[in-house]
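# Architecture at a glance
Next come the chains, spelled out residue by residue.
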Amino acid sequence: MNRQQIHQWLTEQEPAALEQLWRRADRVRREYVGDAVYLRGLLEISNHCVRRCHYCGIRADNHQIERYRLTTGEILEGVRQAQALGIGTVVLQSGEDPELTTEWIADLIVQIRRRYDLAITLSLGERGYDELAYWKQLGADRYLLRFETSNAELFARIHPAAAGRVQDRIIILHQLRELGYEVGSGVMVGIPGQGYEDLIEDLLLFEKLDLDMIGIGPFIAHPDTPLGKISWEASDPAQVPADELMTLKMVALARLVCPQANIPSTTALATIDPQQGRELGLQRGANIIMPNLTPPDYRRKYEIYPGKACLHEEAISCHCCLERRIINTQRTLGRGPGCSPNWQRRRERLSTT
Ligand code: SAH
């Protein structure tokens, strides 16, 4: 797809015309990754964060939230629960928390590997090459790091660099690839100051990076963050709306530019449309759901944005609700790790050369 075609879809308003985009994305999804919807059990292991991202509620400067860090025992209990529920992947996510040291994470990976048979995905923010290499060697499989927006100027504005570090998430994504991780990235849709050209570049960058996983969610303003406090012109025609339709267009277009990628129907999408956000994502290109397995008392404190879907559910009821939604959309439940076919191909190529 070229820029002009993408632009046309992003600005298309006519439901009948959009029906073609939805059908095409759904057909490509079925052809390349099938009808199975894979589950990734999410454990939000720490909300401590040293960064000051202007969009994120767990930023260092937000003193309104209570900070927590799960113990190894609590995390292992979450992983046990994931396996018992038939979930084939566990995602360990956190703020950028230096207390989660290289060795502590390494030990956690070893313990999970020793006891359980699940794929391990890490999403711990911007970490160093050596520790990423070490964790991979010990058995981590995947890493998620959204580039948030391909517009470098906008990114720099909403994502202040860590003291004394040059920040470049794209370089880290290349490093992850080189280290043999399945690589996930993604963006927020409707960041204040984000235009249509930026979304086009986002999609072309997904394609260029040849991503294995792509997470796309609407930007949701958090009142205790700089972006939640500014007044911005949502009616400006150049501003991308942070709404469900635009998010679904991005999910569908991501499926078309990266047909083999694993694409979740995100919690942020379910947050702005609790009734049917999950289902619409699955029907318009997505093939992954990430049930939240964080104990509810901690889950409330991992408030990256307000009103997060599934906030009060115990893991088991959250899981049952999501399974029902999957079955209701005429899809099947994926079993096992559900690696991206893209990554499998790459691995086979490597092993034959
Ligand atoms: N510290 C990790 C994990 C962050 S939370 C990291 O930076 O990678 C995971 C994702 O939540 C972020 O990448 C961002 O895309 C999304 N997010 C954060 N704040 C948000 C908000 N206000 N609205 C929507 N999505 C948000």
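Structure: see above.
The structure presented is a predicted model; accordingly, all values stated were derived computationally and were not measured.

If you walk across this open sheet you meet the six strands as S2-S3-S4-S5-S6-S7, and the pairing is parallel. Each edge of the open sheet is held by one strand with a lone partner, namely strand S2 (41–46) and strand S7 (213–218). Strand-to-strand, the axes of this sheet are offset by a mean angle of 20 degrees, without reference to chain direction. Pairing geometry for strand S3 (residues 89–94) and strand S4 (residues 119–123), over five bridges, is parallel. Within the sheet, the bridge partner assigned to Val90 lies in S4 and is Ile120.

Where helix H8 (residues 196–209) meets helix H10 (residues 244–257), the axes come as close as 9 Å, and the angle between the chain directions of the two elements is 30 degrees. Compared by their axis directions, H8 and H10 come out roughly parallel. Between H8 and H10 the crossing geometry is right-handed. Contact with H8, carried on its side by Tyr196, Leu199, Asp202, Leu203, Phe206 and Glu207, involves Met246, Met250, Leu253, Ala254 and Val257 of H10 and no other residues of that element. Classifying every residue of the contact of H8 with H10 gives nine nonpolar, no polar and two charged.

Before going further, it helps to spend a moment on helix H15 (residues 341–352). For H15, with twelve residues, the first-to-last C-alpha span of 17 Å sits near the 16 Å given by 1.5 Å per residue. At its buried positions, H15 is contacted by helix H7 (169–178) and strand S6 (182–189).

Parameters at a glance
Residues numbered from 1 in each chain as written. Predicted model: local features only at pLDDT ≥ 70, side-chain atom pairs only at ≥ 80, totals over all residues. Heavy atoms only, no water. Pairing = 2+ DSSP bridges. Helix = DSSP H or I, 4+ residues; strand = E, 2+ residues; numbered from the N terminus. Axes fitted to C-alpha atoms, helices over the stretch in contact; angles between N-to-C directions. Parallel < 35°, antiparallel > 145°, perpendicular 65-115°, else oblique. Left-handed = near helix turned anticlockwise from the far one by under 90°. Contact = heavy atoms within 4.5 Å. Nonpolar A, V, L, I, M, F, W, Y, C, P; charged D, E, K, R; others polar. Expected span 1.5 Å × (residues − 1).

Taken by themselves, the reported measurements are silent on function.
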